[in-house]
Number of protein chains: 2
Amino acid sequence: MNIEKILPQLIQKNSSKILLVVLDGLGGLPHPETGLTELETAHIPNLDALAHGAACGLMIPVSPGITPGSGPAHLGLFGYDPIKYQIGRGILECLGIGLSVGKEDLAIRGNFATMNEERIITDRRAGRISTEENRRLVELIQSKISEISGVKVTIKTVKEHRLAILLSGKNLTAEVTENDPQKEGQKLREIQPVSAEGKFTAQVLSDFLQNVEEVLKTASSRANTVLLRGFSKLPEIPGFAERYLLKAACVATYPMYRGLAKLVGMDVLTTGDSLDDQLETVRQAYEKYDFFYVHVKKTDAMGEDGNFSGKVQALEQIDSKIAAVKEMGFEVVVITGDHSTPASLKAHSWHPVPFMLLSRYIIPDHVNRFTERECAEGMLSIFRSQEAILLMLACCGRLQKFGA
Amino acid sequence: MNIEKILPQLIQKNSSKILLVVLDGLGGLPHPETGLTELETAHIPNLDALAHGAACGLMIPVSPGITPGSGPAHLGLFGYDPIKYQIGRGILECLGIGLSVGKEDLAIRGNFATMNEERIITDRRAGRISTEENRRLVELIQSKISEISGVKVTIKTVKEHRLAILLSGKNLTAEVTENDPQKEGQKLREIQPVSAEGKFTAQVLSDFLQNVEEVLKTASSRANTVLLRGFSKLPEIPGFAERYLLKAACVATYPMYRGLAKLVGMDVLTTGDSLDDQLETVRQAYEKYDFFYVHVKKTDAMGEDGNFSGKVQALEQIDSKIAAVKEMGFEVVVITGDHSTPASLKAHSWHPVPFMLLSRYIIPDHVNRFTERECAEGMLSIFRSQEAILLMLACCGRLQKFGA
C-alpha cells in the first residue's frame, strides 16, 4: 500500500505542536552477567512514568534484520522510505563534519593512502595517520588548491586518514568511477566518466588528484595520494513544509544530525551541549515551529564504545531531564531512538527500538517501564519507523479522513 | 510483498462457510473520567466469552495514523487495497441513499446553493435548507427533467442541502471539471471537458444545470442553482466470486454498506432492522452462500454522536444477541469493526480495531475480554485489515500451500 500517494490529500494544517526526542542508539541487548539490557539496568523513573501514561511499542528502523546507518535510520523516522531516498556516503561524510551541501555540489569521501612508484596501493590508510597529521596535510592542500576549472574545492579533515571533499560549481555529476581499487596491492584506478555528462567532472577530479599528489610530494608524509569514493549529490527529498505542512526545527548538537535535518528542510537552531540546553532552545523557539526534532547523541556513543555502564549512566542523566517535556505544552510527544546500539555489539544493530507516544488521543497501555521487553507488550505493538510520523500527525489532527 | 499476485493460484473451493460480523466503528478511546473505553465500560459477557475461545488481535484499517471513511475501511476488510481501489465521492453518495449504480453510470454529489445575478455564489448551502425543502425541490426537478441527450437523469435527496445525481447512458465519463468554485464570493464555474472523451458529458451536465436553474426559478426557494462535484464511475473491482471463489451475501440495513457489498459482487439480502433479524436472515440463507457479511451500524452512529453511554448500550444490546453465532455452524466466525469511532472524537479514527477469529484452527490466547487493551495482547497481534480475509480463508481450508 502506497501511503505517499494519498498523503498530499490528507495533510492539513492546524496550530498543534509535536516534539520528537531521538535518543540515538536507544535500544540494547542483555548484559551477559545480569541478563538485563541497558534500559532495564538503568534507574529511569521519569521515563518509566512517561511510558506509564503513554502508548508504547517497538519501532523497526528499516525492516526486520536490517541495521541502518544514521542516514536511513533518520529518514525512516522522518517518514521517508530510506530505500527510495538514499543519501550518498560523500554527502553523509560532508554533513557529518558540518559542511553545508548545496544542490549542485558533489560530495566525496577520501582516504589518505600510500602508493609505490608503480602507483600500486601499499596502504589504503597511509598507516592510519593521526588526525593531527591529517589536519596538517589538509591545510597544506587547501592552501594550494582552492579551485579547478571554475569549480570551488573545499577539503576537510574527518578523522585519522579520512577526509571529506566538496566540489561546488556547475555541471558536476556523480556519473564517474572511483579511483579506489578497494584492495591493497592493486593499482590506483583512473577516474572515468560513466556517461557523457560525467566527462567534465572526471577531468576536474583527475586534475585535482594530480595537484594533490604534487602537493603531497612536498609534505614528508606516508600519505602520497588520496582515494576518492562515495561521489554523491543531494537526493531530492520533499521537505517537511511541503510534505507535512510542518514548520520544523532541529535541536541537535552533532553536525551529522543537523545536516540530516537540513536535508528535509528543517531549520537548524543554535543550542548548547546538554539536554537541558536543548530543551531550553525548544522552549524559546516554541511559538515559531510546529515540529521539533531533538537529538541526543550520548546513548549511541556509549553503545558504540561497548561501554555498557556508560550507556546506563547516559540514560540516567537523560532521565533526570526528560520529565520537563510534560510541561512544555506539546499536543504530541514521542520519545524513541533512531536505531539500537547495544554495548555488546559496539555498533548499530537491527533490533527494534522502544517507542512511546504521549497524546490525548491514545489508549495508555500496561507498559510501566520504558524497556525493550515492556514496550513489546504495548498498544502500538511493533511497527515500521516510517509509520511513526503518521501516528504523530494523526494524534494532533493533522490528517484528514481518507475517503468517505 | 504482493499477495494479490499469488492469490489466484492458492484459492480453492470447498463447502466451508464464513461469517464476518462488522460492528461499525467498534473501537474507542478512554472516557476522561474513568479511563475506560466504551468496550471496557460495557457489560458484554457474551463477547468476552467468545473472545476467550478465539484468537484475538488488533486490526489496522488502512495504515497506522490513517483514518478511513466507510469505503476504504470496508474495502480493506474485504481484502482489497483501498489505495489501489478508490471509490469516488459521487459513487458513495449514490450508494449511501440506495441508488443502484451501473458500470456505465456517472455518479455525482450535489449541493443546492444560492448565487446572485452575476452568478457569484453567495451561499454554498442555500442557507442549509431543510431536508423537506430539498425533497420538494428534487421532486419538482425530477418531474421536469428525466432525460438529457439520451442520458437518463436520476436525482435524489440526501439531507439538508445535499443531493445525489446519477446519469445513466453511453459515453459518460468523469473527465470533466466541477462547477463548484469551493468558496463563496466566487463565480459559478463552467463545466469543461478535461479530455476529448469528456465533451459529451460536459455538454449533458451544462444542459442539465441550465434546466435545473430554469426549474428553480419557479420554486420560490433560496436555492437557485446546484453545485456539482465528486464525478465518479464505478471502480473495476474483481468480485468475491472471482477473487476468492466465494458466493457471498450481505446482510446490512444501511444503504451505504449494501452498496459497498454490491461493489464486490455480494448478493444483498432483504433483512430486518435488528441484529436478531439479521442473524435470522443468515440462518435462512445459510445453505445458499459461502460467506456472510453482517453489518451493524449502531455502534458507529453513537460514536459519531459523541454519545459514550449510547455506544456502551449499543454494545450491550449486541452482546445479548451475539452468542447465537456459535450455534449457526460456521467454520469461521470473525467479529470486528471496519474502523474505530471513539465517542470522544465524534468521528472515525485511525485507532486499530479489536478483532476476534473463531475457528478450529486457531490457538486461543489469554484474551478474556473483548477490549482494545486485551486484544493488543492477543495471538494475532496487530495486522492490516487486508490480511483478515486471508486468515478467514486459511482457517476454512480455502487457501492451498504456496510453492512446494
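Attention here is on the structure that accompanies the text.

All names here are of chain B. At their nearest, the axes of helix α10 (residues 275-285) and helix α12 (residues 308-322) sit 10 Å apart, and the two run at 35° to each other. Read as a crossing pair, α10 and α12 show a hand that is right-handed. Residues Leu275, Asp276 and Leu279 of α10 pack against Ile318, Lys321 and Ile322 of α12. Residue classes in the contact of α10 with α12 are distributed as 4 nonpolar, no polar and 2 charged.

Once that is clear, we can look at the pairing of strand β6 (residues 151-159) of chain B. Along any regular strand, the residues point their side chains to alternate faces of the sheet. Residue and element names in this part refer to chain B. Direction of pairing for strand β5 (residues 147-148) relative to β6: antiparallel, over a ladder of 2 bridges. Bridge pairing in β6 links Ile148 to Val151. Connecting β5 to the next strand, β6, in antiparallel fashion are 2 residues, including Ser149 with a positive phi near 45°. Bridge count for β6 against strand β7 (residues 162-168) is 7 bridges, and the pairing is antiparallel. The residue of β7 that forms the bridge with Lys159 is Arg162. Once β6 ends, the chain turns through 2 residues before running back antiparallel as β7, passing Glu160 with a positive phi of about 50°.

Of the two same-sequence chains, chain B is brought onto chain A (RMSD 0.2 Å, axial shift 0.1 Å) by a rotation of 126°. Comparing contact sets, just 9% of the residues at the interface of chain B also lie at the interface in chain A, consistent with a heterologous contact between different surfaces.

Another point: the pattern of salt bridges. Residue and element names in this part refer to chain A. In this structure the tally under the stated criterion is 39 salt bridges over all chains. A salt bridge links Glu38 to Lys311; the shortest N-O distance between them is 3.9 Å. Here Lys311 lies in helix α12 (residues 308-322) and Glu38 lies in helix α2 (residues 38-41), a separation of 273 residues in the sequence. Lys311 shares its class with Glu38; the two are buried. Its salt-bridge partner being Glu104, residue Lys170 comes within 3.2 Å of it at the nearest N-O pair. Of the two residues, Lys170 sits in the loop between β7 (162-168) and α7 (199-217) while Glu104 sits in the loop between α5 (89-96) and β3 (106-115), which places them 66 residues apart along the sequence. Using a relative accessible area of 38% as the deciding quantity, one classes Glu104 as partly exposed.

Take the nonpolar core next. Phe240, Met266, Phe291, Phe292, Tyr293, Ile335 and Met356 of chain A are the most contacted members of the largest nonpolar core, which totals 104 residues. In terms of residues, this core owes the most to one element, helix α14 (residues 388-395) of chain A, which gives 8 residues. Residues within four places of Phe291 of chain A in sequence aside, it is in contact with Ile18, Leu20, Phe240, Leu246, Lys247, Ala248, Ala249, Met266, Ile389 and Met392 of chain A. By size, the runner-up hydrophobic cluster in this structure holds 51 residues, among which are Ala55, Ala164, Val264 and Phe355 of chain B.

The rules behind these values
Sequence order as written defines residue numbering, which begins from 1 separately in each chain. Written order decides the labels, with chains lettered from A and ligands numbered from 1. Confidence filtering applies because this is a predicted model: local features only for residues at pLDDT of at least 70, side-chain atom pairs given and counted only at 80 or more, and all residues used for totals across whole chains, interfaces and linings. With hydrogens and water excluded, all non-hydrogen atoms of the structure serve as input to the side-chain values. Axes here mean lines fitted to C-alpha atoms, for a helix over just the part in contact, with angles spanning 0 to 180 degrees between N-to-C directions. Each helix is a run of H or I in the DSSP string that is no shorter than four residues. Each strand is a run of E no shorter than two, and both are numbered from the N terminus. Crossing handedness is defined as follows: a turn of the near helix away from the far one that is anticlockwise and smaller than a right angle gives a left-handed crossing, while the clockwise case is right-handed. What makes two residues a contact is simply this: any of their non-hydrogen atoms within 4.5 Å. Note on residue classes: Ala, Val, Leu, Ile, Met, Phe, Trp, Tyr, Cys and Pro are nonpolar, Asp, Glu, Lys and Arg are charged, and everything else, Gly too, is polar. Strand pairing follows a simple DSSP-based rule, namely that at least 2 bridges must link the two strands. Least squares is the method used to superpose the copies, on C-alpha atoms of residues holding a pLDDT of at least 70 in both. One side-chain nitrogen of Lys or Arg within 4 Å of one carboxyl oxygen of Asp or Glu is enough to make a salt bridge. When a residue's accessible area, from a 1.4 Å probe over protein chains only, is under 20% of the maximum for its type it is buried; when over 50% it is exposed; and in between it is partly exposed. In this text, buried Ala, Val, Leu, Ile, Met, Phe, Trp, Tyr and Cys residues form a nonpolar core when linked through side-chain atoms within 4.5 Å.

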